[in-house]
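Summary of the model geometry
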Amino acid sequence: MGLMNGVNNDEYVRLLGAWPSPFVLRTRIALNLKRVPYEYLEEEDTLNSESVLNYNPVYKQIPILIHGNKPIRESLNIVMYIDETWLSGPPILPSDPFDRAVSRFWDVYIDEHCFTSINGVAVAKDEEERKTAVAKLDQCMTLLEETFQECSKGRGFFGGDNIGFIDIGFGSMLGPLKVLEKYTGVKFIHPESTPGLFHWADRFYAHEAVKPVMPDIEKLVEFARLKFDTSVFK
């Protein structure tokens with residue numbers, strides 16, 4: 001049984017990712033929250049990466065967490081794996097089965113509705129498409145404001161006193177949201193319409209597990225300009 005960088009091969013942790021990806025960010029935050037040492041491997045061309053094709057031949061996507069020689073795929077699945085595997089930090093998912101189910105429900109909602117709405121604004125071909133996507137995204141924020149008030153129970157995070165599953169799921173979308181706010185002029189998280197989310201976002205950004213890995217907004221802005229050839233970014 002060999003060693004890699006002084007760590008047993010079976011316990012060595014690697015993460016294949018790309019810096020702009022909110023889904024990779026989720027994994028990095030979870031690893032930081034659990035204080036898990038890992039090697040981060042930036043994949044600049046994920047479509048043609050031999051490592052990505054080797055470890056995720058079905059979807060050919062990042063993030064991919066490699067624990068020893070075992071690949072774990074899909075961001076929410078990875079976060080749950082990290083929570084169940086390492087007990088070195090605070091729990092990410094609640095212990096109560098109902099609360100766990102609620103957390104999973106809202107993270108799936110964030111992916112299926114909020115992220116797709118963010119993407120919808122970014123790829124809108126005309127003003128009508130943009131307005132429709134903006135309205136859907138506003139609806140997402142309204143629902144998440146209500147969810148925050150219910151789940152936080154007056155504390156700082158969706159997870160209570162510390163970052164939890166919903167915090168990681170939604171917090172990873174704050175960068176793309178800020179990029180859209182910059183270009184559309186619409187404040188999706190506002191101190192009057194979504195006061196809970198507004199103050200939560202500040203706490204999330206400042207958290208020690210988040211701050212070192214949160215992408216720079218100006219870099220994200222430039223990335224969005226190059227990726228999306230639509231009127232929103234012109």
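Our structure's up above, just so we're on the same page.
Because the structure is a prediction, the values reported are computed rather than measured. (Residues numbered from 1 in each chain as written. Predicted model: local features only at pLDDT ≥ 70, side-chain atom pairs only at ≥ 80, totals over all residues. Heavy atoms only, no water.)

**Overview of the side chain of Arg26**
The line we're drawing: Helix and strand assignments follow DSSP, with helices taken as H or I runs no shorter than four residues and strands as E runs no shorter than two, numbered in order from the N terminus. A contact between two residues is defined here by any heavy atoms of the two lying within 4.5 Å.
You can see Arg26 is positioned in helix H1 (residues 22-33). Other than its neighbours up to four places away in sequence, Arg26 contacts Ser75, Leu76, Val79, Ile110, Asp111, Ile168, Gly169, Ser172 and Met173.

**A few points about the sheet that holds strand E5 (residues 64-67)**
Backbone-to-backbone hydrogen bonds pair the strands of a sheet. The strands run either parallel or antiparallel. Under the convention used in this document: Pairing between strands requires that DSSP locate at least two bridges from one strand to the other. The axes are straight lines fitted to the C-alpha atoms, using for helices just the contacting stretch, and the angles between their N-to-C directions are given from 0 to 180°.
Taking strand neighbours across the sheet as the criterion, the four strands line up as E4-E3-E5-E6 in an open arrangement whose pairing is mixed. Each end of this open sheet is capped by a strand with a single partner; those strands are strand E4 (39-42) and strand E6 (70-73). Mean inter-strand twist for the sheet, computed between neighbouring axes without regard to direction, equals 20 degrees. Taken together, the four bridges between strand E3 (residues 13-17) and E5 define a ladder with antiparallel strand orientation. Its bridge partner being in E5, Leu15 is matched across the sheet by Leu65.

**Topic: the pattern of salt bridges**
Selection criterion: By definition here, a salt bridge exists when the distance from a side-chain nitrogen of Lys or Arg to a carboxyl oxygen of Asp or Glu is within 4 Å. Note on exposure labels: buried denotes an accessible area under 20% of the residue type's maximum, exposed denotes more than 50%, and partly exposed covers the range between, all computed with a 1.4 Å probe on protein chains only.
Evaluated as defined, the whole model comprises six salt bridges. Note that Lys34 is salt-bridged to Asp83, the shortest N-O span being 3.1 Å. Remark: Asp83 occurs in helix H3 (residues 75-85) and Lys34 occurs in the loop between H1 and E4; sequence separation between them is 49 residues. Exposure class is identical for Lys34 and Asp83. Each is buried. Where Arg100 meets Glu84, a salt bridge forms, and the shortest distance between an N and an O atom there is 3.8 Å. Residue Arg100 is found in helix H4 (residues 97-123), and its partner Glu84 is found in helix H3; the two are separated by 16 residues along the sequence.

**Overview of the layout of surface pockets**
Selection criterion: Cavity means a closed set of points on a 1 Å grid over the protein atoms alone, one where a 1.4 Å probe fits but cannot get out, pocket means an open set with protein on both sides within 12 Å along at least 5 of 7 lines, and lining means a residue has an atom within 4 Å of a point. Grid points are joined across faces, edges and corners, and a volume is the space filled by probe spheres set on the points. Residue polarity follows a fixed list, in which Ala, Val, Leu, Ile, Met, Phe, Trp, Tyr, Cys and Pro are nonpolar, Asp, Glu, Lys and Arg are charged, and the others, Gly among them, are polar.
In this model, the largest pocket occupies a volume close to 710 Å³. If you go around the largest pocket, you meet 24 residues; those closest to its centre are Pro20, Ser21, Pro22, Phe223 and Lys227. Those elements that place two or more of their residues in the lining of the largest pocket are H1, H4, helix H7 (174-184) and helix H9 (217-227). Taken together, the residues of the lining of the largest pocket sort by class into 17 nonpolar, three polar and four charged. Size it by volume and the second largest pocket reaches roughly 440 Å³. Looking at the lining of the second largest pocket, the elements with two or more residues in it are H4, helix H5 (127-152) and helix H6 (165-171). When residues in the lining of the second largest pocket are grouped by element, the largest group, four residues, is from H4.

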